[in-house]
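Observations on the three-dimensional arrangement
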Amino acid sequence: MSTAPPAARRPSSRRYVVAGLLAAVALVAGTVVAVIIGRALVGYDITPFTDGSTTTVTVGDRGEAIWSSPERAVVRCASVDDATGEASMSGGTASMTTTRSGRTWTRVGIVEGEPGSRHTVRCAAGGGDAMFGHAPNPRIARYVTLGVVGGGVAGLLAVAAFVLALVTAIQRSRRPA
């Protein structure tokens, strides 16, 4: 004597709620990542100073980037820690450019020192009209990592929500035999 297999249970509609929650978390995570990166990019201001002049900068927790424009200008910059008199500028660790207010800037060095320390910076161009500026050194690697990890998590949550909703819909649409 054989027994018939038990009738398949239809999945609960609560799965749709779980899928909706996953989608909402994905949306929030993606929005938070976009806002953080957007604020960092939009809020980056370069304070200009003129060729041949000196300017005093205060180093934050990530150093102060020195920028020159136009992009291909031949420049020399040096900085001295006001307290110790020691040189405090390193070369730009990588070629980096940014555009602000229609002007393309190239990072030419980074003033390094203890957070809060003051440094005198002097830059000169090797001919031509160059403009210089300073701003906190951007944390590009941090924002790339945040974008990849945060975007990846948001993407995986969105895919999981879609798959869960799709599988639930397919299983609920089947008629019992």
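A brief structural summary. What you see is a predicted model, and the numbers here were worked out from it, not measured in a lab. (Residues numbered from 1 in each chain as written. Predicted model: local features only at pLDDT ≥ 70, side-chain atom pairs only at ≥ 80, totals over all residues. Heavy atoms only, no water.)

This brings us to the overall build of the protein chain. Looking only at helices and strands, one finds two helices and nine strands in the protein chain. Ordered by position in the sequence, the α and β elements of the protein chain form the string α-β-β-β-β-β-β-β-β-β-α. By the burial criterion, 25% of the 177 residues in the protein chain qualify as buried. Pairs at least 24 apart in sequence give 81% of the contacts found in the protein chain among residues at least 6 apart. By element, 60% of the accessible surface of the protein chain is carried by carbon and sulfur atoms, the whole surface being about 11200 Å². (Helix = DSSP H or I, 4+ residues; strand = E, 2+ residues; numbered from the N terminus. Buried < 20%, exposed > 50% of the residue type's maximum accessible area, 1.4 Å probe, protein only. Contact = heavy atoms within 4.5 Å. Areas by Shrake-Rupley, 256 points an atom, 1.4 Å probe, with all protein chains shown as cover.)

Counted by the stated rule, this structure contains one aromatic pair. Ring centres of Phe 49 and Phe 132 lie 6.0 Å apart, and the angle between their planes is 25°; this geometry places the pair in the stacked category. Within this pair, whereas Phe 49 is found in strand 1 (residues 47–50), its partner Phe 132 is found in strand 9 (residues 131–136), the two being separated by 83 residues in sequence. Side by side, Phe 49 and Phe 132 carry an identical accessibility label, which is buried. Positioned above the aromatic ring of Trp 105, the side-chain terminus of Arg 103 is 5.9 Å from the ring centre. (Phe/Tyr/Trp six-rings, centres within 6.5 Å; stacked < 30°, edge-to-face > 60°. Lys NZ or Arg CZ within 6 Å of the ring centre and 35° of its normal.)

Here five bridges tie strand 3 (residues 64–69) to strand 7 (residues 103–111), and the two strands are oriented antiparallel to one another. Bridge pairing in strand 7 places Ala 65 opposite Ile 110. Sheet topology places strand 5 (residues 89–91) next to strand 7; three bridges connect them, and they run antiparallel. Paired with Ser 90 across the strands is Ile 110, a residue of strand 7. The sheet contact formed by strand 6 (residues 97–100) and strand 7 spans four bridges and is antiparallel. Note that in strand 7 the partner of Arg 100 across the bridge is Arg 103. Hairpin remark: strand 6 followed by strand 7, antiparallel, with two residues in the connecting loop; positive phi at Ser 101, about 55°. (Pairing = 2+ DSSP bridges.)

The next point concerns the environment of Ala 19. The residue Ala 19 is located in helix 1 (residues 14–42) in this model. Sequence separation between Ala 19 and Leu 157 is 138 residues; the distance between their C-alpha atoms is 9.1 Å. Apart from residues no more than four positions distant in its own chain, Ala 19 is found in contact with Ala 161, Leu 164 and Ala 165.

Moving on: the state of the cysteines. Counted by the stated rule, this structure contains one disulfide. Across the disulfide, Cys 77 is cross-linked to Cys 123 (sulfur-sulfur distance 2.1 Å). Here the S-S torsion is close to 120°, and the disulfide linking Cys 77 with Cys 123 is therefore right-handed. Note that Cys 77 is positioned in strand 4 (residues 75–81) and Cys 123 in strand 8 (residues 118–125), a separation of 46 residues in sequence. Residue classification places Cys 77 among the partly exposed positions, given a relative accessible area of 22%. (Disulfide = S-S within 2.5 Å.)

Our focus in this paragraph is the side chain of Asp 81. Along the chain, the position of Asp 81 falls in strand 4. Residues contacting Asp 81, with those up to four places away along its chain left out, are Glu 86, Ser 88, Ser 117, Arg 118 and His 119.

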